[in-house]
Amino acid sequence: MAALLEAEGLSKAFGGLVAVNGVSLSVSPGEVLGLIGPNGSGKTTLLNLIAGTTRPDAGAIRMDGEDVTRLPNHLRVRRRINRTFQLVRMPANLSAIETVMAGVLYGAGERVPFKEAGYVAAGLLGELNLLLKADRRLDQLTYIEQKRVELARALATRPSVLLLDEWLSGLGASELDGGMSVVWSLAARGIAVVLVEHVMTAVRALCGRVMVMNAGAKIAEGPPEEVLRNAEVIRAYLGDEDA
Amino acid sequence: MVGEDKPFPTRAALAIGSLVTLVVLLAALPWLLSDYGLSFMVSVMSYLVLTVAWALFSGPTRLVSLATSAFFGVGMYTVAMLIKLMPLYATFAVALGVGALLAGVVGVLTLRIAGMFFVIFGFGLSEMIRQLMVWWEINKTHTMGRYVFVPFDATLIYEHLLGLAVIVFFVGWQLRRARLGLALMVIGEDETVARQVGVNVPFAKVAIFVVSAMFMTMTGALMAPRYGFINPNFAFNPLVSFQVVIMAFLGGLQRLWGPALGVIPLIILSELLQTEFPFWFSVLLGIVFMVIVYFLPRGVTGLIEDGWKALGRPLELQRGLTGPLVDAWGWMSRPIILPRGIAGAIEDVWVKIAPQTKGRR
Amino acid sequence: MPVIEVIFGGVILGGLYALVAMGFNLQYGVARIVNLAYGEFLMTAAFAAFWMFTLFGVNPILGMFLSVPAAFGANWLIYRVLMTPLARRARTRDQLEGETILATFGLLFVLRGAATIAFTANDRYYDYLGEPLRLLGFTFAANRVLAFATAGVIATAVWVVLQFTRFGVALRALAIDPVGAQLVGVDVRRLSALAFACGGALAAAAGTLVSTFLSFNPAIGIEFTMKALVVVIMGGIGNMLGSLAAGLMLGVAEALCSYYVDSGLTLAVAYALFLIVLVVRPRGLFGTA
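Residues numbered from 1 in each chain as written. Chains lettered and ligands numbered in written order. Predicted model: local features only at pLDDT ≥ 70, side-chain atom pairs only at ≥ 80, totals over all residues. Heavy atoms only, no water.

**Student:** Which residues make up empty space enclosed by the protein, and what are the values?
**Tutor:** Per the stated rule, a full pass over the model turns up one cavity of 30 Å³ or more. Quantified by volume, the largest cavity comes out at close to 100 Å³. Taken together, Leu66(B), Ser69(B), Phe123(B), Ser126(B), Glu127(B), Pro238(B), Ser241(B), Phe105(C), Leu108(C), Phe109(C) and Ile222(C) make up the full set of residues lining the largest cavity. Mapped by element, the contributors of at least two residues to the lining of the largest cavity are helix 5 (115-141) and helix 11 (238-251) of chain B together with helix 4 (93-119) of chain C. Classifying every residue of the lining of the largest cavity by side-chain character gives seven nonpolar, three polar and one charged. (1 Å grid on protein atoms, 1.4 Å probe; cavity = no way out; pocket = protein on both sides within 12 Å on 5 of 7 lines; lining within 4 Å. Points joined across faces, edges and corners; volume = space filled by probe spheres on them. Helix = DSSP H or I, 4+ residues; strand = E, 2+ residues; numbered from the N terminus. Nonpolar A, V, L, I, M, F, W, Y, C, P; charged D, E, K, R; others polar.)

Spelled out as structure tokens, the structure:
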């Protein structure tokens, strides 16, 4: 299948620190691409570059053939790229449904009338088993519920590329199953998912392809079993003496 | 929030009916009040529009605008400059355009960047325009002050201001039911999230800033005929910005009607201060404001809401007056907690003092 | 009058603006307080110098040994009493900025009103070293030259303290990264209070110098606050040398404007510079991008 999102040679440096160094990436509709690597290897920065949270120093990003490298964050949302944050970001004094409604109203595609946005948002929250918590504020939700609300906010803008930053981390065993089935269902409806994750069970189960980053560069890419056996990857994770 | 409550159409009708009655009553006031009462109501109405317009922008975005007097002054001085050249209503229209343009330029320049720049820019804006106008009038037009003599008396000014107030409330009310209003709330909470739901953050801020500034400019324009003689020092008075901020904070920003609650008390206070202690006016106003900032961060609205909640809460005496008595009896009849006797107590203290010696049970 | 003389005049004025801005920079850059009442302290010190001079014939430069420590103490108290509760209450830096803006906005009207009651709204002026002085072939008023020299001495002293003493290093660390500074053992509250007080002391010094060669009234505070803000933003927040350079630029620009256009447009010049910075370099002319 043709790639939906293509990034080529993305680089970003903060002062002297090169956080991402010439990384390319592509993902197709319905595919789950795993993005793994040790802490500080540049995974979140790469996600920020794709989502438009930060601008790359070099490289290009194409969405559906259109160059979006220069587009600001909100216009990339309207080009159907959205994300979740590693640490949940949700307006503290708004209810879950209001946050999701904002996404429905400003998202990609045809404009939804204000009166209908509430129903659409409620539907999204319902899909994620949150309908009964729709009127709660951030501090009235559990950690897992917050993560789900954030996903609903991202889905509200009708993305076709979804970047999940450690969305499955911190979940217990039973919650992990639920979370994984949510991600699987996203892919099943044709969304291209980029999954930054440390939970290897989830990566093995969900991803058709895995990309490994270390020190800002891509060091391996391929099917999960193959990549995770790769000596270089083990070295990156465990250090030289263990390899 | 989801959809509308339709089971009580009578309730909506009641609300609309009472609002219409209120407006009609207010509209009839000029014929019921003395001259002094009318001039009081003119200043109430003008500050009402200014304060609610201020809160349209500063409420959701949480950016304190100190530029109110700049827009108010622009409205007033534009009318004063043009009154000999064109009909009154035409001057109003021009003033509105100038105010909107100024707000657009200021907004585009400062609202893209950190909020700090916007606040600072607004802080000196009115003073800068005043300087420019003084210079212009002295060197280019050789006039120091302008006369506005038009058949537009206090009653007419009041009725126009009332109309403006109705519009500003309507806009504020509609905003709570609109895309832009929700976007502004998200922006005020977290701009990163706002961008991530697809909101064009700078555009939304500039848009509401322009709308808010247009109401302020219009108020200034309407007030011009109130004063026969206007010079730049009079039109661009920094105290206007200050009073509007105080009124809004006194009233509270959580509700649309909140800022309005701050207007009347402060105008009464101002009148009192200005007649009783004219020299102390600015000092006392400053103190009042600092008291609000330190002790009433949610304003009068907050107090009312707390009071309302306290009234609505069930009294915590479900077990009746006997409840506390039962508790007290239970407490008194509880066995004294010294099962190990005084020796036990000493032992506990000893264990604490000398942690290395394991206390024997 | 040749242009070069106008520019020299501007440099002299700019040295003073640099001093004003350095004080503001200590308060904003280090203590994180946006003090809208900053100019009111400058105005108060100007009046103090005026009264000491006209009533007791105290030399304004000597009078600074009284007014500067007094301003230091007053500002330290203001930080302790008025700003500490806000600093405790604020959860983010933006929130702290917002709340301190409001509180000092109130303070501005209190101080300005009090000054109007005490000193009346009239313009004040006193004649101190008004005689002309010939320097490098140009003629300047002696009091301006003295003000510039004094400002230069004070600014250099501040820079030396910031650059070469333990206290100065701690202040700069606090300006760059409050959390990191705390981790290496800097007492943030105490140091912020001291930085705020030092800022106020500089305002008093500047106010005294202003009073020697300009007329003043209780309403001049806002204009100096505004100029300090503009200079600090131009020079970069927390950057003292930036303040110096930007202050000189503002002084020269203002002198040129008052020579070629009109002397009543000083704030417009400051705004024009502010606009250029906003459009071209929002992080300040010398700030790190």
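On we go from here.
**Student:** Outline the packing of helix 2 (residues 35-61) of chain B against helix 11 of chain B, listing residues and values.
**Tutor:** Residues and elements named next belong to chain B. Orientation of helix 2 relative to helix 11, taken along the N-to-C sense of each, is 70°, at an axis distance of 9 Å. Accordingly, the angle class assigned to the pair helix 2 and helix 11 is roughly perpendicular. Contact residues: Tyr47, Leu50, Thr51 and Trp54 in helix 2; Val240, Gln243, Val244, Val245, Met247, Ala248 and Phe249 in helix 11. Residues of the contact of helix 2 with helix 11, tallied by class, amount to nine nonpolar, two polar and no charged. (Axes fitted to C-alpha atoms, helices over the stretch in contact; angles between N-to-C directions. Parallel < 35°, antiparallel > 145°, perpendicular 65-115°, else oblique. Contact = heavy atoms within 4.5 Å.)

**Student:** Describe the side chain of Ser160(A), with residues and values.
**Tutor:** Secondary-structure assignment places Ser160(A) in the loop between helix 5 (143-156) and strand 7 (161-165). Sequence-distant contacts of Ser160(A), that is, excluding residues within four places in its chain, are made with Leu4(A), Met63(A), Arg80(A), Gly190(A), Ile191(A) and Ala192(A).

**Student:** Could you give an account of the packing of helix 4 (residues 88-110) of chain B against helix 9 (residues 201-223) of chain B, naming the residues involved and the relevant values?
**Tutor:** A packed helix pair is summarised by two numbers, namely the angle formed by the two axes and the spacing between the axes. Residues and elements named next belong to chain B. Interhelical geometry of helix 4 versus helix 9 gives an angle of 145° and a closest axis separation of 8 Å. Judged by the sense of rotation from one axis to the other, the crossing of helix 4 with helix 9 is right-handed. In contact with Phe92, Ala95, Leu96, Gly99, Ala100, Ala103, Gly104, Val106, Gly107 and Val108 of helix 4, helix 9 contributes Val206, Phe209, Val210, Ala213, Met214, Thr217, Met218, Ala221 and Leu222. Tallied by class, residues from the contact of helix 4 with helix 9 come to 15 nonpolar, four polar and no charged. (Left-handed = near helix turned anticlockwise from the far one by under 90°.)

**Student:** How would you summarise the interface of chain C and chain B if you had to cite specific residues and measurements?
**Tutor:** At the junction of the two partners, chain C supplies 42 residues and chain B supplies 36 residues. It is Leu102(C), Phe109(C) and Tyr271(C) that lose the most area in chain C upon contact with chain B, and together they represent 19% of the buried surface on that side. Taken together, the connections running from chain C to chain B amount to zero salt bridges. Joining chain C to chain B, the criterion identifies eleven residue pairs in polar contact (both at pLDDT 80 or more). (Buried area = accessible area lost by both parts, 1.4 Å probe. Salt bridge = Lys/Arg side-chain N within 4 Å of Asp/Glu carboxyl O. Polar contact = N/O pair within 3.5 Å; in protein donor to acceptor, adjacent residues only side chain to side chain.)

**Student:** Requested: an account of the packing of aromatic side chains, with residues and values cited.
**Tutor:** Residues and elements named next belong to chain C. Applying the stated criterion across every chain, the model contains 37 aromatic pairs over all chains. The interplanar angle of 35° and the centroid separation of 4.8 Å between the aromatic rings of Phe53 and Tyr126 together place this pair among those described as tilted. Taken together, the residues Phe53 in helix 2 (residues 38-56) and Tyr126 in the loop between helix 4 and strand 1 (132-135) connect sequence positions 73 residues apart. Given the relative accessible area of 21%, Phe53 is considered partly exposed. With a centroid separation of 5.6 Å and 45° between ring planes, the pair formed by Tyr79 and Phe196 is classed as tilted. (Phe/Tyr/Trp six-rings, centres within 6.5 Å; stacked < 30°, edge-to-face > 60°. Buried < 20%, exposed > 50% of the residue type's maximum accessible area, 1.4 Å probe, protein only.)

**Student:** Could you give an account of the sheet that holds strand 9 (residues 209-214) of chain A, naming the residues involved and the relevant values?
**Tutor:** Residues and elements named next belong to chain A. With mixed pairing, six strands are arranged side by side in an open sheet as 6-7-8-3-9-10. Two strands close off the open sheet at either side, each with one partner strand: strand 6 (81-83) and strand 10 (217-222). Averaged over all pairs of adjacent strands, the angle between their axes in this sheet comes to 20°, without regard to strand direction. Direction of pairing for strand 6 relative to strand 7: parallel, over a ladder of three bridges. Among the inter-strand pairings, Arg83 is bridged to a residue of strand 7, identified as Leu163. Along the sheet, helix 6 (residues 173-188) contacts strand 3 (32-36), strand 7 and strand 8 (192-196); its crossing angle with strand 8, the most-contacted strand, is approximately 150°. (Pairing = 2+ DSSP bridges.)

**Student:** How would you sum up the sheet that holds strand 4 (residues 58-63) of chain A? Please name residues and give values.
**Tutor:** Residues and elements named next belong to chain A. The strand order 2-1-4-5 describes an open sheet built from four strands, whose pairing is antiparallel. Edge positions in the sheet fall to strand 2 (17-27) and strand 5 (66-67), since each of these pairs with one other strand and no more. Inspection of the sheet shows strand 1 (residues 5-14) paired to strand 4 by five bridges, in the antiparallel sense. The residue bridging Glu6 from the neighbouring strand is Arg62, located in strand 4.

**Student:** Any details on helix 4 (residues 114-127) of chain A? Residues and values, ideally.
**Tutor:** The terminal C-alpha atoms of helix 4 of chain A lie 21 Å apart, and with 14 residues this matches the ideal 20 Å at 1.5 Å per residue to within 8%. Those residues of helix 4 of chain A that sit buried are Phe114(A), Ala117(A), Gly118(A), Ala121(A), Ala122(A), Leu124(A) and Leu125(A). Mapping the buried residues of helix 4 of chain A onto a view down its axis gives an arc of 160°, with all of them on the same face. Away from its buried face, by an angle of more than 90 degrees, helix 4 of chain A presents the exposed residues Lys115(A), Tyr119(A) and Glu127(A). Considering only its buried residues, helix 4 of chain A is in contact with helix 3 (96-106) and helix 5 of chain A together with helix 7 (179-189) of chain B. Looking one or two places after helix 4 of chain A, you find Asn129(A), whose phi comes out positive at around 60°. (Expected span 1.5 Å × (residues − 1). Arc of directions from axis to C-beta.)

**Student:** So, the arrangement of the chains: which residues are in play, and what are the values?
**Tutor:** Ranking the two pairs of chains in contact by contact count places chains B and C at the top. Note that chain A does not reach chain C: the shortest distance linking a C-alpha of one to a C-alpha of the other is 10 Å.

**Student:** Describe in detail a positive patch on the surface, supporting the description with residues and values.
**Tutor:** Residues and elements named next belong to chain C. Taken together, the side chains of Arg80, Arg88, Arg189 and Arg190 define a basic patch exposed on the protein surface. Put simply, the parts of the chain that give the positive patch at least two residues each are helix 3 (60-89) and helix 8 (188-213). With respect to the secondary-structure elements, Arg88 resides in helix 3. Judged by its relative accessible area of 61%, Arg88 falls in the exposed class. (Patch = residues over 30% accessible without salt bridge, like charges linked within 9 Å, V, L, I, M, F, W, Y side chains within 5 Å. Areas by Shrake-Rupley, 256 points an atom, 1.4 Å probe, with all protein chains shown as cover. Lys, Arg positive; Asp, Glu negative; His and termini not counted. Charge placed at Lys NZ, Arg CZ, Asp CG, Glu CD.)

**Student:** Tell me about unusual backbone geometry, and please be specific about residues and values.
**Tutor:** Residues and elements named next belong to chain A. In this structure, Glu166 takes a positive phi of about 50° despite not being glycine. On the secondary structure map, Glu166 appears in the loop between strand 7 and helix 6. Classification of Glu166 as buried rests on a relative accessible area of 10%.

**Student:** Account for the interface of chain A and chain B, with residues named and values stated.
**Tutor:** The interface of chain A with chain B comprises 31 residues on the first partner and 24 residues on the second. Together, the buried faces of chain A and chain B total about 2,500 Å²; carbon and sulfur atoms form 65% of this surface. The largest share of the area that chain A buries against chain B comes from His74(A), Tyr106(A) and Phe114(A), three residues that together contribute 27% of it. Scanning the region where chain A abuts chain B turns up one salt bridge. With a closest N to O distance of 3.0 Å, Arg89(A) and Asp190(B) form a salt bridge. Across the contact surface, chain A and chain B share eight residue pairs in polar contact (both at pLDDT 80 or more). At the level of elements, helix 2 (73-78), strand 6, helix 3 and helix 4 of chain A are the ones that each hand at least two residues to the side of chain A that touches chain B. Examining the composition of the side of chain A that touches chain B, we find that eight residues originate from one element, helix 3 of chain A, more than from any other. Here the side of chain A that touches chain B is composed, by residue class, of 14 nonpolar, ten polar and seven charged.

**Student:** Go over the environment of Arg255(B), please, and point to the residues and values.
**Tutor:** All names here are of chain B. Note that Arg255 resides in the loop between helix 11 and helix 12 (258-276). Separated by 196 residues in the primary sequence, Arg255 and Gly59 place their C-alpha atoms 9.0 Å from one another. Here Arg255 is in contact with Arg176, Thr301 and Glu305, once residues within four sequence places are set aside.

**Student:** Just give me the short version of the pattern of salt bridges, but keep the residues and values in it.
**Tutor:** By the definition in use, this model includes 22 salt bridges over all chains. Salt-bridge contacts for Asp165(A) lead to Arg83(A); the nearest nitrogen and oxygen are separated by 3.9 Å. Of this pair, Asp165(A) sits in strand 7 while Arg83(A) sits in strand 6, and the two are 82 residues apart along the sequence. A relative accessible area of 0% means that Asp165(A) is categorised as buried. In this structure, Glu254(C) and Lys227(C) form a salt bridge, with 3.3 Å as the shortest nitrogen-oxygen distance. Residue Glu254(C) is located in helix 10 (residues 240-260), and its partner Lys227(C) is located in helix 9 (residues 221-235); the two are separated by 27 residues in the primary sequence. The pair formed by Glu254(C) and Lys227(C) is uniform in burial state, with each residue classed as buried. By sharing partners, the salt bridges in this structure join Glu31(A), Arg209(A), Lys218(A) and Glu221(A) into a single network.

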